[in-house]
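Tertiary structure, described
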Amino acid sequence: MSTRRISSFAHVGHIAIGGDNPIRIQSMATTDTNDTEASVAQAKRIIDAGGELVRFTTQGTREAENMKNISARLKADGYNTPLVADVHFTANTADVAAQYCEKVRINPGNYVDPGRTFKHLEYTDEEYAEELQKIEKKLVPFINICKEHHTAVRIGVNHGSLSDRIMSRYGDTPEGIVESCMEFLRIFRRENFNDVVISIKASNTVVMVTTVRLLVKTMDKEDMHYPLHLGVTEAGEGEDGRIKSALGIGALLTEGIGDTIRVSLSEEPECEIPVARKLVDLIPECTQLRAEAETSIKDDTITLTLDAPDWETFQLKAAMAVGALLIDRKATKLQLSSSQFSRSDLDSLSDALLQAARIKFTKTEYISCPGCGRTLYNLQETIARIKAATSHLVGLKIGIMGCIVNGPGEMADADYGYVGAGRGKISLYKGKVCVEKNIPEDEAVDKLLELINNDRK
Ligand code: SF4
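Cut-offs used in this document
- Residues numbered from 1 in each chain as written.
- Predicted model: local features only at pLDDT ≥ 70, side-chain atom pairs only at ≥ 80, totals over all residues.
- Heavy atoms only, no water.
- Helix = DSSP H or I, 4+ residues; strand = E, 2+ residues; numbered from the N terminus.
- Expected span 1.5 Å × (residues − 1).
- Buried < 20%, exposed > 50% of the residue type's maximum accessible area, 1.4 Å probe, protein only.
- Contact = heavy atoms within 4.5 Å.
- Pairing = 2+ DSSP bridges.
- Axes fitted to C-alpha atoms, helices over the stretch in contact; angles between N-to-C directions.
- Salt bridge = Lys/Arg side-chain N within 4 Å of Asp/Glu carboxyl O.
- Near = heavy atom within 4 Å.
- Nonpolar A, V, L, I, M, F, W, Y, C, P; charged D, E, K, R; others polar.
- Core = buried A, V, L, I, M, F, W, Y, C linked by side-chain atoms within 4.5 Å.
- Parallel < 35°, antiparallel > 145°, perpendicular 65-115°, else oblique.
- Left-handed = near helix turned anticlockwise from the far one by under 90°.

Attention now goes to helix α2 (residues 61-76). With 16 residues, α2 extends 23 Å between its outermost C-alpha atoms, agreeing within 8% with the 22 Å of an ideal straight helix rising 1.5 Å per residue. Residues of α2 that are buried: Glu63, Ala64, Asn66, Met67, Ile70, Ser71 and Leu74. Turning to α2, the residues buried within the fold contact α1 (36-48), β4 (53-57), β5 (83-87) and α3 (91-97). Just past α2, the residue Gly78 takes up positive phi, approximately 85°.

So, in structure tokens, the structure goes:
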């Protein structure tokens, strides 16, 4: 059995993350953060389902200011769960949010660095150092506000939003993703601020697991032991979303890594909580199963026999047990057995696990974000329409993203992208290139299908 990695802990409101504390479960609201009623109601649903932290998007200072009202309403109704503000691109918003929320997430890829252009830029050593000084100049006043208000910080790196600066020096590599995080961490440590949680997320499970492991090693080398938040971004929805999350998050949890988790699904946020709870509860059993599966490998095949009270638990257990072995390519085939489920169900689950580990693609791959206050169209309905029309296109990767701010970067290596571009407007992408800008929402799904069909002809 693996033992839990020893991390320091961060105070986040009345709870602590890391150290000997239980692994915390969290989700993110999809409401408009300026809509206090809807935001409070949704936060309550997440908390009632067992969520221990609730995150909100704060695009600007107006949303950050409204966190004060959301927090006050929740507390008045007896909900003291810590609230987290999610900040991208506007460092000043973080300064405001830190006054009203128990935690603020900042993204090193866009805290000071501008949005990614995907162009290769060159930085001399002096220019690179100057950029780091700019970050420090913004970050130190923010840290002081956090100290004053006892607000924790999540340094949340996303594979899809690495800055051009980091890309110029390290390329799209695990080392670059980790360095993006370490640059910020070193400043926090210099400032003697310790209520910090780290996350490195990617929609590609192999990248996510490899990079988090590298981060742990790098932090250990510098004698840093900050708690870790785990998640697979843009995991999608339904069975595939659950399997992809369980495979990536489970690979690390069964190694003793992880202090808080979010299972990102393109569904109502409260649906994420029972899945996350199961992953945490299954850690001891799946750690044991993983050890057994490891010893079973023969002829490039993992053989695993298991049972579970229901099909969803079976899927999660299998994903957690074999996740690391598939990601590390210890074997590239899988033979599942059970006394409860049919051969065809077991075989299709094997296929889904191999696809989630990016070994073999037997279906269309959907990379869809969970949505948040930046999403201005009906994400779930759109995903269903796109899926219905494209599920026969084996191996094709389609990104369905809520917003233009983070969507294009985050949809990773999708072949096509459907991205919200403002109220009632959608932009379509082919790879990283925008091919149709701001088209009306009611024409967009048909246009996407037309684009795919024309290319296939
Ligand atoms: S990509 Fe989706 S989840 Fe991410 S910020 Fe945009 S709308 Fe929100």
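Here the narrative resumes.
Taken in spatial order, the 5 strands make up an open sheet running β13-β14-β15-β16-β17, and their pairing is mixed. Only two strands of the sheet have a single partner each, and these edge strands are β13 (365-368) and β17 (433-440). Neighbouring strand axes in the sheet, compared pairwise and without regard to direction, differ in orientation by 20° on average. Those strands touched by helix α13 (residues 379-390) are β13, β14 (397-401) and β15 (416-422), and its axis lies near 165° from that of β14.

What follows concerns unusual backbone geometry. Unusually for a residue other than glycine, Asp299 sits at a positive phi of about 50°. Residue position: Asp299 is located in the loop between α10 (283-296) and β11 (301-305). Despite not being glycine, Arg358 shows a phi value in the positive range, around 60°.

Turning our eyes to something else, we now look at the pattern of salt bridges. Side chains that differ in charge, positive against negative, can pair when their charged atoms come close. Here the structure, examined in full by the defined rule, presents 34 salt bridges. Glu102 is the partner of Lys75 in a salt bridge, and the nearest nitrogen-oxygen pair spans 3.0 Å. Of this pair, Lys75 sits in helix α2 while Glu102 sits in the loop between α3 and β6 (103-106), placing them 27 residues apart in sequence. For Lys75, a relative accessible area of 33% puts it in the partly exposed group. A relative accessible area of 14% places Glu102 in the buried class. Ionic pairing is found between Arg343 and Asp347, a salt bridge with its closest N-O pair at 3.1 Å.

Let's shift gears to the site of the ligand. Cys369, Gly371, Cys372, Arg374, Thr375, Gly402, Cys403, Asn406 and Gly407 make up every residue found near the ligand. When the residues that make up the shell around the ligand are grouped by side-chain class, the tally is 3 nonpolar, 5 polar and 1 charged.

As a general point, the strands of a sheet are linked pairwise by backbone hydrogen bonds and lie either parallel or antiparallel. The strand order β3-β4-β5-β6-β7-β8-β9-β10 describes a closed barrel built from 8 strands, whose pairing is parallel. One ladder, built from 4 bridges, connects β6 with strand β7 (residues 152-158); its direction is parallel. Bridge pairing in β7 places Arg105 opposite Arg154. Along the sheet face, α1 touches β3 (24-28) and β4 and points at about 150° away from the line of β4.

Taking 1.5 Å as the rise per residue, helix α6 (residues 174-190) with 17 residues should run 24 Å; its terminal C-alpha atoms sit 24 Å apart, in good agreement. The element α6 is extensively covered by neighbouring structure, given that 12 of its 17 residues are classed as buried. Among the residues of α6, those classed as buried are Gly176, Ile177, Val178, Glu179, Ser180, Cys181, Met182, Glu183, Phe184, Leu185, Ile187 and Phe188. Close packing links the buried residues of α6 with β6, α4 (125-149), β7, α5 (164-170), β8 (196-201) and α7 (205-221).

Across soluble globular proteins, nonpolar side chains show a tendency to be buried alongside one another. Counting residues in hydrophobic clusters, the biggest one holds 113 residues, and the most contacted among them are Phe142 and Leu353. In terms of residues, this core owes the most to one element, helix α11 (residues 311-327), which gives 11 residues.

Turning our attention to the packing of α6 against α7. Any two packed helices are characterised by the angle at which their axes cross and by the distance between the axes. Packing of α6 against α7 brings their axes to within 9 Å, and their N-to-C directions diverge by 45°. Relative to α7, the element α6 is oriented oblique. The element α6 and its partner α7 pack so that their crossing is right-handed. Facing α6, whose interface residues are Pro174, Glu175, Ile177, Val178, Cys181, Met182 and Leu185, α7 presents Val207, Thr210, Thr211, Leu214, Leu215, Thr218 and Met219. Residue classes in the contact of α6 with α7 are distributed as 10 nonpolar, 3 polar and 1 charged.

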